[in-house]
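# Report on the structure
In case you want the letters, here they are:
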Amino acid sequence: MDISRFNALDPNDAAALLRPCVDIDRWVETILGTRPFASVDELLACAQAAAAPFTEAEIDAALAHHPRIGERAAGSSAEAALSRSEQSGLNLDEQLTAALVSGNRAYEERFSRVFLIRASGRSSAEILAELRRRLDNDPEVELAEVGEQLRAIALLRLAAAFDRAPAR
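First, a word on scope: everything that follows refers to the structure included in this document. (Residues numbered from 1 in each chain as written. Predicted model: local features only at pLDDT ≥ 70, side-chain atom pairs only at ≥ 80, totals over all residues. Heavy atoms only, no water.)

### Regarding the environment of Asn104
Test applied: Every helix listed is a DSSP run of H or I at least four residues long, and every strand listed is a run of E at least two residues long, numbered separately from the N terminus.
Relative to the assigned elements, Asn104 resides in helix 7 (residues 94–111). When the C-alpha atoms of Asn104 and Arg132 are compared, they prove to be 9.5 Å apart, with 28 residues separating the residues in sequence.

Right, here's the structure in full:
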């Protein structure tokens, strides 16, 4: 996809490209309402600004589309395909799988939501260490971290739709 083609898309088609990045209406509508963009960098800057911050309700709604870390996303949706791709680099042996299952369970009991982390570019050991570290967060700190991870995932996915790596 190039930026001129994105700018020219029907709003429904443009939204269909954006929603797999993060299915949050306000974020999608902000980006659509800001078109046309002069460059992909301008689009990514708009997406970043629209995601800062996501509300708790937006985060919770978006997490409905994310599988547990270490679990293969089911289905044929674009979100499921992206999640499978992002988690494809995880090297999960029996011990690590058991640790993630246990950690996911503890996280969900503590925070009442799935553990979310940008898996792309991280090792399985790094993800497990982050899961364990974040279990010690208080709920407000953790909500902020979840929002940061959701933004990172959204920008990574959006940049990939334009064959770009997001700025870090």
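### Observations concerning the nonpolar core
The condition is simple: In this description, a nonpolar core means a group of buried Ala, Val, Leu, Ile, Met, Phe, Trp, Tyr and Cys residues linked to one another through side-chain atoms lying within 4.5 Å. Each residue's exposure class comes from its accessible area (1.4 Å probe, protein chains only) as a fraction of the maximum for that residue type: buried when under 20%, exposed when over 50%, partly exposed otherwise. By definition, residues are in contact when any of their heavy atoms lie within 4.5 Å.
One finds Phe6, Trp27, Ile31 and Leu158 to be the most contacted residues of the largest nonpolar core, which totals 48 residues. Those elements that provide at least two residues to this core are helix 1 (3–8), helix 2 (11–18), helix 3 (25–34), helix 4 (40–50), helix 5 (56–63), helix 7, helix 8 (124–134) and helix 9 (139–161). For this core, the element with the most residues is helix 9, which contributes seven residues. Not counting residues within four places of it along the chain, the set of residues in contact with Leu158 comprises Leu18, Cys21, Trp27, Leu43, Leu44 and Ala47.

### Quick notes on helix 5
Definition in use: Working definition: the arc comes from the directions between the helix axis and the C-beta atoms, pointing outward to the latter.
Within helix 5 the residues assigned to the buried category are Glu58, Ile59, Ala62 and Leu63. Angular distribution of buried residues about the axis of helix 5 spans 130°; they occupy a single face of the element. Lining the buried residues of helix 5 we find helix 3 and helix 9.

### Focus on helix 4
Where helix 4 is concerned, the buried positions are Val40, Leu43, Leu44, Cys46, Ala47 and Ala50. On an axial view of helix 4, the arc spanned by its buried residues comes to 160°, and they lie on one face. Against helix 1, helix 3 and helix 9 lie the buried residues of helix 4.

### Description of the packing of aromatic side chains
Convention followed: In summary, the pairing rule links any two rings of Phe, Tyr or Trp, Trp by its six-membered ring, whose centres are within 6.5 Å, and it sorts them by plane angle into stacked for under 30 degrees, edge-to-face for over 60 and tilted for everything else.
Counted under the stated rule, the structure contains four aromatic pairs. A ring pair is formed by Phe6 and Phe162, whose centres lie 5.6 Å apart and whose planes are at 80°; its orientation type is edge-to-face. Of the two residues, Phe6 sits in helix 1 while Phe162 sits in the segment after helix 9, which places them 156 residues apart along the sequence. With respect to burial, Phe6 and Phe162 carry one shared label: buried. With 4.8 Å between their ring centres and 50° between their planes, Tyr107 and Phe111 make a pair best called tilted. In this pair, Tyr107 and Phe111 are both assigned in helix 7, four residues apart and thus about one turn of the helix distant. Grouping residues by exposure puts Tyr107 and Phe111 together as buried.

### Some remarks on the packing of helix 3 against helix 4
The cut-off we apply is this: A fitted line through C-alpha atoms serves as each axis, taken over the contacting stretch for helices, and the angle formed by two N-to-C directions is quoted from 0 to 180°. Two helices that cross are described as forming a left-handed crossing if the nearer one is turned anticlockwise from the farther one by less than a right angle, and a right-handed crossing if clockwise. Residues are sorted three ways: Asp, Glu, Lys and Arg are charged, Ala, Val, Leu, Ile, Met, Phe, Trp, Tyr, Cys and Pro are nonpolar, and all the rest, Gly among them, are polar.
Interhelical geometry of helix 3 versus helix 4 gives an angle of 145° and a closest axis separation of 9 Å. Here the hand of the crossing between helix 3 and helix 4 comes out right-handed. Contact with helix 3, carried on its side by Arg26, Trp27, Thr30, Ile31 and Thr34, involves Leu43, Cys46, Ala47 and Ala50 of helix 4 and no other residues of that element. Class assignment for the residues of the contact of helix 3 with helix 4 results in six nonpolar, two polar and one charged.

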